[in-house]
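A look at the structure
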Amino acid sequence: MFKTSFVPFVLLALSFPLSAGAQASDAQTPDATEAVMVKTIDAGAPDDIAFLEKIVDINSGTLNLPGVVKVKDTLEPELQALGFSTKWNPMDQLTQRAGDLVAEHPCPQGKGKCGKRLLLIGHMDTVFEPSSSFQKYSIVPGTNGRVATGPGAADMKGGLVVMLAALRGMKAAGALDKAEITIVLSGDEERHGSPVSIARGDMIAAAKRSDVALEFENAGRDGGVDGKDAVRIGRRSASSWTLETAGKTGHSSGIFGEGMGYGAVYELVRILDEFRKELPEPGLTYNVGMVLGGATATVAPSGIEGAVTGKTNVIPPVAVAKGDLRTLNEEQTDRVKKKMEAIVRDHLAKTGARIEFEEGYPAMGVTPASEALLAKLQLVNATLGYEPEVVTDPINGGAGDIAFVAPYVPGLVGVGAMGAGAHAEGETVYLDSIPKQAKRMAVLMYRLSNER
């Protein structure tokens with residue numbers, strides 16, 4: 001267990017009305033076990049904030065494998081002290097990424113005899129590589145110690161601290177000793193390795209033997225630091241596509257003619273414009289991020305830059321576009337891909353085209369089971385005297401690891417620390433959200449572990 005000096009910040013003691021989904025007659029007062037968890041988490045909050053500073057100051061950009069391992073080495077003893085057995089599964093030789101930390105807390109009475117089997121998901125990497133100028137934790141001036149900034153402070157090192165604080169609260173109250181929990185912390189959530197079957201193999205295997213998943217990614221507050229807490233029960237997919245078109249080349253005077261046709265660039269533009277007109281539907285976005293076309297067009301191995309040559313009087317024989325595709329669920333993904341492929345096949349004269357979809361994050365669709373889990377969380381909020389959480393529309397958030405396990409278990413998204421500006425220099429974390437979220441999760445996990 002870590003012991004550090006006090007770091008000043010303000011905890012909010014708030015009491016709010018219940019939502020329509022959590023009626024006053026349904027609300028429970030904290031039982032003796034829950035009261036101990038709450039007291040323990042509040043008492044440990046200063047140490048938790050100091051521990052956050054410690055891990056934020058370790059650079060763990062996805063491609064900085066030693067840095068990710070250092071974060072793992074810092075977290076692992078904390079989990080072991082709570083009674084978890086841990087295993088490090090390196091993947092640098094398989095996926096060119098750091099690997100997974102897997103921690104198991106078995107049910108003393110035997111598998112499946114401690115209520116719901118819980119899967120806790122998180123990641124140890126950030127988007128900030130060693131080359132970034134954004135490297136250190138600090139308190140944001142003028143916030144009375146309530147807001148801190150640092151690489152990954154919210155996304156999601158704050159979530160790792162929330163997870164540990166919740167588990168410590170459960171341990172102190174004796175609740176952890178009656179829970180069956182698996183934790184999978186990936187080292188490459190921000191830029192996952194390939195193939196996904198290996199990169200997310202530990203997570204998927206754990207999901208198949210679990211009943212509920214909690215993703216300790218960052219969440220937000222509607223209205224900023226003093227706004228309403230938010231949670232999600234769905235995440236959109238995030239995949240990419242590459243479109244290549246071809247045409248006959250020759251003198252530009254022949255463009256549109258029977259002999260030369262329309263050339264590769266017009267075919268590319270036709271397809272992209274048909275995407276714009278024909279694909280729109282609720283929850284769907286499909287960005288075009290790069291376009292190249294000319295006498296030659298080459299995409300660099302990095303996939304984020306390229307080179308072209310061409311002349312105004314030469315019909316271009318080649319063109320390339322790269323973009324992404326984000327959907328609410330896998331049914332939408334399949335439907336939209338088929339529509340895109342049909343548009344690509346309808347060529348202009350003397351042209352050809354093909355589209356390839358690249359492996360990415362699947363969608364986590366909203367389901368009745370996840371809505372039922374949300375209702376349980378809202379009852380926890382009522383018990384703790386918190387306002388019901390706002391449910392964020394999946395279109396307002398990115399993709400994440402929980403989508404890989406969504407086919408097997410219902411889950412909650414964004415139960416970690418709250419903040420703003422994730423993935424950008426100046427990312428912030430609301431420090432009061434750490435004990436608040438930890439209390440929510442400790443009580444929820446305790447109650448789920450008592451369900452038969």
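Going by the structure above, here's the rest.
In what follows, the accompanying structure is described. (Residues numbered from 1 in each chain as written. Predicted model: local features only at pLDDT ≥ 70, side-chain atom pairs only at ≥ 80, totals over all residues. Heavy atoms only, no water.)

Observations concerning the overall build of the chain
When helices and strands are counted, the chain shows ten helices and 19 strands. For the chain, the C-alpha radius of gyration of 25 Å lies close to 22 Å, the compact-globule estimate for 452 residues. A principal-axis box enclosing the C-alpha atoms of the chain has dimensions of 85 × 45 × 45 Å. Across the 452 residues in the chain, those meeting the buried criterion constitute 52%. Taking the contacts inside the chain whose residues are at least 6 apart along the sequence as the reference set, 79% of them involve residues at least 24 apart. (Helix = DSSP H or I, 4+ residues; strand = E, 2+ residues; numbered from the N terminus. Rg over C-alpha atoms; globule rule 2.2 N^0.38 Å. Buried < 20%, exposed > 50% of the residue type's maximum accessible area, 1.4 Å probe, protein only. Contact = heavy atoms within 4.5 Å.)

Section: the side chain of Glu190
Here Glu190 shows up in the loop between β6 (181–186) and α4 (196–199). The buried charged residue Glu190 lacks any salt bridge partner; its closest oppositely charged side chain belongs to Arg235, at an N-O distance of 7.9 Å. For Glu190, the side chain forms a polar contact with the side chain of His423, separated by 3.0 Å. (Lys, Arg positive; Asp, Glu negative; His and termini not counted. Salt bridge = Lys/Arg side-chain N within 4 Å of Asp/Glu carboxyl O. Polar contact = N/O pair within 3.5 Å; in protein donor to acceptor, adjacent residues only side chain to side chain.)

Looking at the packing of aromatic side chains
Taken as a whole and judged by the stated rule, the model has five aromatic pairs. Where Tyr361 meets Phe404, the ring centres are 5.3 Å apart and the plane angle is 50°; that geometry is what we call tilted. Of this pair, Tyr361 sits in strand β15 (residues 351–361) while Phe404 sits in helix α9 (residues 402–405), and the two are 43 residues apart along the sequence. Phe404 carries the same exposure label as Tyr361, and that label is buried. Cation over ring: Lys436 sits above Tyr386, and NZ or CZ is 4.9 Å from the ring centre. (Phe/Tyr/Trp six-rings, centres within 6.5 Å; stacked < 30°, edge-to-face > 60°. Lys NZ or Arg CZ within 6 Å of the ring centre and 35° of its normal.)

Quick look at the state of the cysteines
One pass over the full model with this rule turns up one disulfide. The partner cysteine of Cys107 in its disulfide is Cys114, sulfur to sulfur 2.0 Å. The chirality of the disulfide connecting Cys107 with Cys114 is right-handed, given an S-S dihedral of about 75°. Like Cys107, the residue Cys114 is buried in the burial classification. (Disulfide = S-S within 2.5 Å.)

Describing the pattern of salt bridges
Think of it this way: side chains of opposite charge can pair up when their charged atoms draw near. For the coordinates displayed, the defined rule picks out 30 salt bridges. The partner of Arg270 in a salt bridge is Glu267, and the shortest N-O contact between them spans 2.9 Å. With Arg270 and Glu267 both in helix α6 (residues 263–278), this residue pair falls three residues apart, about one helical turn. What makes Glu267 buried here is its relative accessible area of 0%.

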